[in-house]
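Fold and contact review
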Amino acid sequence: MEEMNSVLDGAMPEIAAFPERDRLMLELLYGCGIRNSELVGINLDHIHVRNEIILIRGKGSKERYVPFGGAAQSALAAYLPVRRQVLAEQKKTTPALLINARGGRLTTRSVGRIIKRIAVARGLSPDVHPHTLRHAFGTHMLEEGADLRAIQELLGHERLSTTQRYTQLSTKHLLSVY
């Protein structure tokens with residue numbers, strides 16, 4: 001958990017061309033436990049800031065709402081003006097929350113590269129990828145005493161047995177991956 005905190009607490013400008021977006025990506029991947037494909041599929045109108053929830057479209061076109069906390073809300077507030085500026089400069093519009101420097105929707109491959117770059121810059125293993133953050137979310141929820149069924153809902157797992165795999169991952173194993 002300390003390794004994840006070091007990634008989230010560290011400054012982004014020295015390692016990112018688009019630090020506000022990258023911080024928001026990390027906060028959503030780790031803080032909400034969403035899949036990479038779900039992350040890049042988020043549109044602006046999926047975010048309900050007042051209720052602190054995001055509509056997530058998961059596997060099989062299933063929808064669920066996931067809560068997000070203050071850190072993600074702060075990251076969102078910092079990112080949105082930068083997003084508007086990029087779109088204005090590129091003379092583009094898009095419903096996508098996360099965009100690249102050309103104003104297009106961010107891809108899952110790009111997210112993977114960005115996460116790896118951030119991890120390496122923080123001295124973590126280059127094996128860190130977006131799904132690592134999802135596993136960390138599930139594991140940390142369990143460690144903090146969250147109900148397995150609640151975690152199942154948040155992760156969007158159809159079967160509880162899928163969620164139970166998270167109980168088999170030890171903290172030491174996760175830390176060695178980081």
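Residues numbered from 1 in each chain as written. Predicted model: local features only at pLDDT ≥ 70, side-chain atom pairs only at ≥ 80, totals over all residues. Heavy atoms only, no water.

1. Focus on the pattern of salt bridges
The condition that has to hold: The term salt bridge refers to a pairing of a side-chain nitrogen on Lys or Arg with a carboxyl oxygen on Asp or Glu at a separation within 4 Å. Each helix corresponds to a stretch of at least 4 residues labelled H or I by DSSP, and each strand to a stretch of at least 2 residues labelled E; elements are numbered beginning at the N terminus. Buried, partly exposed and exposed residues are distinguished by accessible area as a fraction of the type maximum, computed with a 1.4 Å probe on protein chains only: under 20%, between the cut-offs, and over 50%, respectively.
Applying the stated rule across the entire model yields five salt bridges. Close ionic contact of Arg 117 with Asp 22 constitutes a salt bridge, the shortest N to O distance being 3.6 Å. Remark: Asp 22 occurs in helix H2 (residues 19–32) and Arg 117 occurs in helix H5 (residues 108–121); sequence separation between them is 95 residues. Judged by its relative accessible area of 37%, Arg 117 is partly exposed. The partner of Glu 63 in a salt bridge is Arg 57, and the shortest N-O contact between them spans 2.5 Å. Among the charged side chains, a network of salt bridges with common partners joins Arg 21, Asp 22 and Arg 117.

2. Remarks on the side chain of Arg 21
Using the following cut-off: In this analysis, two residues are considered to be in contact whenever any of their non-hydrogen atoms come within 4.5 Å of each other.
One can find Arg 21 in helix H2. Once you skip the residues sitting within four places of it in the chain, Arg 21 turns out to touch Tyr 79, Leu 98, Ile 99, Asn 100, Leu 106 and Ile 114.

3. Quick word on the packing of aromatic side chains
In this description, a pair of aromatic rings is defined by centroid distance and the angle of the planes. Our working definition: Any two of the Phe, Tyr and Trp rings considered here, Trp counted by its six-membered ring, make a pair once their centres fall within 6.5 Å; the pair's planes then place it as stacked at under 30 degrees, edge-to-face at over 60, or tilted in between.
Summed over all chains, the structure comprises one aromatic pair. A centroid spacing of 5.9 Å and a plane angle of 45° characterise the contact between Phe 18 and Tyr 79, whose relative ring orientation is tilted. Of this pair, Phe 18 sits in the loop between helix H1 (2–9) and H2 while Tyr 79 sits in helix H4 (residues 70–90); the two residues are 61 residues apart in sequence, bridging distant segments of the chain. The pair formed by Phe 18 and Tyr 79 is uniform in burial state, with each residue classed as buried.

4. Looking at the pairing of strand S2 (residues 53–57)
Operational definition: Pairing between strands requires that DSSP locate at least two bridges from one strand to the other.
The sheet contact formed by strand S1 (residues 47–48) and S2 spans two bridges and is antiparallel. Within S2, the position partnered with Ile 47 by the bridge is Ile 54. Where S1 folds back onto S2 in an antiparallel hairpin, the turn is made up of four residues, including Glu 52, whose phi is positive at roughly 55°. In this sheet, strand S3 (residues 63–67) lies alongside S2 in antiparallel orientation, the contact comprising five bridges.

5. Some details on the nonpolar core
The cut-off we apply is this: Definition used in this section: a nonpolar core is a set of buried Ala, Val, Leu, Ile, Met, Phe, Trp, Tyr and Cys residues joined via side-chain atoms within 4.5 Å.
Of all hydrophobic cores here, the largest spans 37 residues; its most connected members are Leu 28, Ile 34, Leu 39, Ile 42 and Leu 97. The biggest single contributor to this core is H2, with seven residues. Here Leu 39 is in contact with Met 25, Leu 28, Leu 29, Ile 34, Leu 98 and Val 111, once residues within four sequence places are set aside.

6. Focus on the packing of H2 against helix H6 (residues 130–143)
To be explicit about the condition: Axis lines are fitted to C-alpha atoms, over the contacting stretch for helices. Their N-to-C directions set the angle, which ranges from 0 to 180 degrees. Oblique is the label for any angle not under 35 degrees, not over 145, and not in the 65 to 115 range, which are roughly parallel, roughly antiparallel and roughly perpendicular in turn. Three classes are used: nonpolar for Ala, Val, Leu, Ile, Met, Phe, Trp, Tyr, Cys and Pro, charged for Asp, Glu, Lys and Arg, and polar for all others, with Gly counted as polar.
Packing of H2 against H6 leaves a shortest axis separation of 7 Å and a crossing angle of 40°. In terms of orientation, H2 and H6 fall into the oblique class. Across from Leu 26, Leu 29, Tyr 30, Gly 31 and Cys 32 in H2, the residues of H6 making contact are Pro 130, Leu 133, Arg 134, Ala 136, Phe 137 and His 140. For the contact of H2 with H6, a count of residues per class yields eight nonpolar, two polar and one charged.

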